[in-house]
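The chain contents come next:
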Amino acid sequence: MNWRSTASVAEVPEQGHGRERWWRAVEMDLRFAPASQQSDEMRAVLDEMNRLTLAADLELFARFQLERDDLGPWVDAMRFSRGSIDVTAADFDAFFEDYIALLNRYAQPARDNKAETRPIAVRLLTFPAPRS
């Protein structure tokens, strides 16, 4: 399996007692080999993982819609954009890297008041649209 990540787990020292150690998942940039380099088995596993992840994201969005009116100042924080771009494969790779860099830029811990921050779910789904 060919993938790249920045980190996957971190110790949670405040939860351990004595020799006990606790760990938590860390958000990461996880990338698998391109589809053209995957075995049939790997592609089937990743397709199912993507299907389950998208289903979980849709469930998370439905929960947001149900709870939106209770979010106080965050009630208007939902943004939606739907569009398409005409690019070369190389330009698409650059677009994706720019997107990841933008996420990383804003993922830095809040500098002022941490109490006013909250996690924001950000999803990007890209695929070549069928030609008309």
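Residues numbered from 1 in each chain as written. Predicted model: local features only at pLDDT ≥ 70, side-chain atom pairs only at ≥ 80, totals over all residues. Heavy atoms only, no water.

> How should the overall build of the protein chain be read in this particular structure?
When helices and strands are tallied, the protein chain shows 2 helices and 4 strands. When its helices and strands are written in sequence order, the protein chain yields β-β-β-β-α-α. A buried classification covers 9% of the 132 residues belonging to the protein chain. Intrachain contacts of the protein chain at a sequence separation of at least 6 include 46% that bridge at least 24 residues. Summed over its atoms, the accessible surface of the protein chain is roughly 12200 Å², and 54% of this surface lies on carbon and sulfur atoms. (Helix = DSSP H or I, 4+ residues; strand = E, 2+ residues; numbered from the N terminus. Buried < 20%, exposed > 50% of the residue type's maximum accessible area, 1.4 Å probe, protein only. Contact = heavy atoms within 4.5 Å. Areas by Shrake-Rupley, 256 points an atom, 1.4 Å probe, with all protein chains shown as cover.)

> Help me out: how do you make sense of a nonpolar patch on the surface in this one?
A cluster of nonpolar side chains, L54, L58, L125 and F127, forms an exposed patch at the surface whose accessible area comes to about 460 Å². Looking at the secondary structure, you find L54 in helix α1 (residues 40-67). Residue class for L54 comes out partly exposed when judged on its relative accessible area of 42%. (Patch = residues over 30% accessible without salt bridge, like charges linked within 9 Å, V, L, I, M, F, W, Y side chains within 5 Å. Salt bridge = Lys/Arg side-chain N within 4 Å of Asp/Glu carboxyl O.)

> What exactly am I supposed to notice about the pattern of salt bridges here?
Any two side chains of opposite charge can pair, given that their charged atoms come close. Tallying each qualifying case throughout the model produces 4 salt bridges. Residue R31 pairs with E97 through a salt bridge whose shortest N-O separation is 2.4 Å. Of this pair, R31 sits in strand β4 (residues 31-32) while E97 sits in helix α2 (residues 89-106), and the two are 66 residues apart along the sequence. Residue classification places R31 among the buried positions, given a relative accessible area of 18%. Across the salt bridge formed by D57 and R123, the nearest N and O atoms sit 2.9 Å from each other. Residue D57 is found in helix α1, and its partner R123 is found in the segment after α2; the two are separated by 66 residues along the sequence.

> Can you help me understand the confidence of the model for the protein chain in this one?
Low pLDDT means the predicted coordinates in that region are not meant to be read closely. The share of residues in the protein chain with pLDDT of 70 or more is 86%, and the mean pLDDT across the chain is 85. For the protein chain, per-element mean pLDDT is lowest for strand β1 (residues 3-4), which scores 42, and highest for α1, which scores 95. A low-confidence stretch, residues 1-6 (pLDDT under 50), is modelled with 18 contacts involving residues beyond four sequence positions or located in other chains. (pLDDT = per-residue confidence, 0-100.)

> It is not clear to me how α1 should be interpreted in this structure. Could you clarify?
Working note: α-helix, 3.6 residues per turn, so residues spaced by three or four point in the same direction. Relative to the 40 Å expected for 28 residues at 1.5 Å per residue, α1 spans 41 Å between its end C-alpha atoms, a close match to the ideal helical length. Considering only its buried residues, α1 is in contact with β4. (Expected span 1.5 Å × (residues − 1).)

> Can you walk me through the environment of A129 in this structure?
Assignment of secondary structure puts A129 in the segment after α2. Along the chain, A129 and I85 lie 44 residues apart, while their C-alpha atoms are 9.9 Å from each other.

> Can you help me understand the side chain of Q38 in this one?
Structurally, Q38 can be placed in the loop between β4 and α1. Residue class for Q38 comes out buried when judged on its relative accessible area of 16%. A distance of 2.6 Å separates a polar side-chain atom of Q38 from the backbone oxygen of A33. Not counting the four nearest positions on each side in its chain, Q38 is found in contact with A33, R43 and L46. (Polar contact = N/O pair within 3.5 Å; in protein donor to acceptor, adjacent residues only side chain to side chain.)

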